[in-house]
Every structure is written in structure tokens, then in C-alpha cells.
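Spelled out from the first residue to the last, the chains are:
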Amino acid sequence: MPQSIETFYEVMRRQGITRRSFLKYCSLTAAALGLGPTFAPRIAHAMETKERTPVIWVHGLECTCCSESFIRSAHPLVKDVVLSMISLDYDDTLMAAAGHQAEAALEETIQKYKGKYILAVEGNPPLNEDGMFCIVGGKPFLEQLKHAAKDAAAVIAWGSCASWGCVQAARPNPTQAVPIHKVITDKPIIKVPGCPPIAEVMTGVITYMLTFGKLPELDRQGRPKMFYSQRIHDKCYRRPHFDAGQFVEQWDDESARKGYCLYKVGCKGPTTYNACSTVRWNEGTSFPIQAGHGCIGCSEDGFWDKGSFYDRLTDIQQFGIEKNADEIGMAVAGGVGAAVAAHAAVSAVKRAQYKGDQE
């Protein structure tokens, strides 16, 4: 039976990509996903044999920052994802068609690939006034979301808007905007939060699903563990300053110029789970903390309602906090001194006992 959709490898070969370059791509993809080199052949096999997956990408209440991030991916390049790895059959932001033609493409994909396509959702639905605060194709986005999700194999929630509600759902939330899991309750949902998510995290999630034909392992909140299993704080290059009690007190002080920890000026890195400090942004160039600004916790639920980005809101009681290196050193030295004295006293008692036994 002939395939209705080309495989990833067939598309790449048609575009003039050599076999050598294809295998190199598979190796780089395995590395980007945090997989060992032994997974590169499995990725190559999947790309050679599996049809490209149809994807429907819809937009609710959002600012399009997720799309802006997605198109800047470098590993893999987004053009390879969109033109080769997947069959992006509907995305009213990126597609050439508009109006009735665009909506016809949406319906055709839903009918043709029932149960096989991935629904990617950017933004969220407002529930107030029967969803009339967000209209797409002449209908409330709420209706489009339910309709497109009904026959989807899985759903990806792009960004904090779709995952948590983000700024639209912040108090007082007049539109009653909600995250998509409040509306879609019968489909597996992969949450990829961030405002926006990192480009390579977005393409990495898609690559994993296409390669292995399954959802990545998720945490209890529905986020891929490969990117959201550690706090930004855990791999931050300023972490040694945190442990030593060296903190920026004001944005223009000497500690800021020395690159000390930004915890006291509001950094939410100790309570934020994301890959910013490892994958970073703009092809791994930098991330907010490296640029001198504390993490605002944009990938965490309800971050807009947790107060100022510059208030120290977390309460982390850890070695070094509120102390400087000298105070820590004195405390350690005092502890060592007490231990030495105690050891000497015990040794003296034992020597006396031994001497009495000998006599």
C-alpha cells in the first residue's frame, strides 16, 4: 500500500541532503535530546521508515511568543521540523492560506487523519460569555479547540498560556481564561511551559515523539522530564556564589558587577523547573541570569499572581544563605575546634583507664 505522506528521510533526500549529512543530523538530534550515541541509529531508522506526522497548530488567547521562539530553533532547524519532520497542515500564523481556505485545510486534516494527528495548542480559551472573547474563523476558539482535540492522538500545550493560563488567567481574569487541561480532559496532554518555551525544547519534544512514536516521560504536572526535571538553580553558573552566601543586594552594586547570585533581588531560579541554565537561548548563547536579570519563574503555574519579579518571595534555608564566606568559615572552624576538644577529652579518659588497668 503506498504511503500517503512521505517519510522524513525521503523528504530530506528529495531536498538534496546526503546520507552522511542525514546520519550526522540524527547524531546531533540524539545529543540535543540528552540521549546517548547508541540512540542515533534508532532515530535514523524511525526517520527512514515512519511517515511524517500530521500536526494541527491552533491559537487562542496568546501573544504568539511561542511561535516566535519555535521558528528560531537551531537544533534542529525549524525549517527541517516544519518542512521535513512533520506535516504542518494547519497553523493560521505560519501557513500561506487564509480565511476559508485555511479553515478548509483544518477540516480536511481532521477528517483524513482521525486519531493520527498531533494537536499543538498555543494560548488558551476564555470561558466567559460563551467564549466570545476569542473568535477564530467566525467561531469561539473554545469550539475550535474542542473540535480539533476530539480526534487528536495527543495534545501539546505550548507555553505557559496553554499550560497554566499565564497572564490571561491572572487576577481578576475577566474573560475566565483557563489552561487547556480544564477543557480537554480525555486526551494525553504534554505541557511545555515557559513564556515562551525554549526553541530547542519545543523542537526536541516533537523530535522525540516522531522518533519513538510515544510521549516523552512526564512529571506529575505533565511536563517532559528530559527538560523540566531540574531547577534552573541546580545548574546555574552562579550557584557557587549562592552556596558561599555572596549575593547581589542592589542592581548597580559591586556584587552585581562581580556576577554574584541574584537570589536577594528576586531570582526565582531555586523554585523554577526548566532547562534555561543548560540549553539556554539563541543557539545556547545565554539566558536571563547570564544577562544579569534574575529568573522570573515564567514556566511555573500562576507566576503572574506571585507578586513583583524583584521581590524575594522564596524562602530557601540552605547552607550559606544570609551568611558570608567569613561567617561560614568561622562556624566551621568553631565546629572543628569543639570536635578536637571533645576528642582530646575522650582520649585522656581512655588513657587513664588503660593506665589503671595496667597497674
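The structure we're discussing is the one just above.
Predicted model, so just to flag it, every value in this text is computed and none were measured.

**Q** Would you explain helix 6 (residues 99-112) in this entry?
**A** Side chains that are three or four residues apart share a direction in an α-helix, a result of its 3.6 residues per turn. The end-to-end C-alpha distance of helix 6, which contains 14 residues, comes to 20 Å, matching closely the 20 Å that a straight helix rising 1.5 Å per residue would cover. Looking at helix 6, one finds that the buried residues are A102, L106, T109 and I110. The arc that holds every buried residue of helix 6, seen down its axis, measures 100°, which confines them to one face. The exposed set on the far side of helix 6, more than 90 degrees from its buried face, consists of H100, Q101 and E108.

**Q** Just checking my understanding: could you explain the nonpolar core for this structure?
**A** What tends to happen in soluble globular proteins is that the nonpolar side chains get buried as a cluster. Ranked by size, the top nonpolar core spans 33 residues in total, and within it I156, W158, V192, V201, M209 and I289 carry the most contacts. Per-element accounting of this core gives the leading share, six residues, to helix 9 (residues 199-212). Those residues in contact with V201, other than ones at most four positions away along the chain, are V192, F227, Y228 and A275. Y90, F141, A152 and V178 belong to the second largest nonpolar core, which has 28 residues in total.

**Q** What is the right way to read the packing of helix 3 (residues 40-49) against helix 9 from this model?
**A** Taken N-terminus to C-terminus, the directions of helix 3 and helix 9 make an angle of 75°; their axes are 8 Å apart at the nearest point. Considering the angle they form, helix 3 stands roughly perpendicular to helix 9. Of the residues in helix 9, those in contact with R42, I43, A46 and M47 of helix 3 are T207, L210, T211 and F212.

**Q** Sorry, what's going on with the packing of aromatic side chains here?
**A** Centre-to-centre distance and the angle between the planes together describe a pair of aromatic rings. Scanning the entire structure with this criterion turns up 13 aromatic pairs. Measuring from ring centre to ring centre gives 6.1 Å for F247 and Y263, while their planes differ by 50°; the resulting arrangement is tilted. One end of the pair, F247, is in the loop between helix 11 (239-243) and helix 12 (254-257); the other, Y263, is in the loop between helix 12 and helix 13 (325-358), with 16 residues separating them in the sequence. Judged by its relative accessible area of 5%, F247 falls in the buried class. Take Y263: its relative accessible area is 1%, and that puts it in the buried class.

**Q** Would you take a moment to explain unusual backbone geometry for this structure?
**A** What is expected of a backbone is that most residues other than glycine have negative phi and most peptide bonds are trans. In the segment running from R171 into P172, the intervening peptide bond is cis, with an omega of 5°. Relative to the helices and strands, P172 resides in the loop between helix 8 (159-164) and strand 7 (189-192). Here the bond from C195 into P196 is cis, since omega is 0°, no more than 30 degrees from zero. One can find P196 in the loop between strand 7 and helix 9. For N173, which is not a glycine, the phi torsion comes out positive at approximately 50°.

**Q** Whenever I open this one, the packing of helix 6 against helix 7 (residues 141-150) confuses me. Can you help?
**A** Working note: a packed helix pair is described by the angle between its axes plus the distance between those axes. Put simply, helix 6 and helix 7 touch, their axes get as near as 10 Å, and they point 30° apart. The pairing of helix 6 with helix 7 is recorded here as roughly parallel in orientation. As for how helix 6 packs across helix 7, the hand of that crossing is left-handed. Between helix 6 and helix 7, the contacting residues are E103, L106, E107 and I110 on the first element and Q144, H147 and A148 on the second. Among the residues making up the contact of helix 6 with helix 7, the classes are represented as three nonpolar, two polar and two charged.

About the cut-offs
Residues numbered from 1 in each chain as written. Predicted model: local features only at pLDDT ≥ 70, side-chain atom pairs only at ≥ 80, totals over all residues. Heavy atoms only, no water. Helix = DSSP H or I, 4+ residues; strand = E, 2+ residues; numbered from the N terminus. Expected span 1.5 Å × (residues − 1). Buried < 20%, exposed > 50% of the residue type's maximum accessible area, 1.4 Å probe, protein only. Arc of directions from axis to C-beta. Core = buried A, V, L, I, M, F, W, Y, C linked by side-chain atoms within 4.5 Å. Contact = heavy atoms within 4.5 Å. Axes fitted to C-alpha atoms, helices over the stretch in contact; angles between N-to-C directions. Parallel < 35°, antiparallel > 145°, perpendicular 65-115°, else oblique. Phe/Tyr/Trp six-rings, centres within 6.5 Å; stacked < 30°, edge-to-face > 60°. Left-handed = near helix turned anticlockwise from the far one by under 90°. Nonpolar A, V, L, I, M, F, W, Y, C, P; charged D, E, K, R; others polar.

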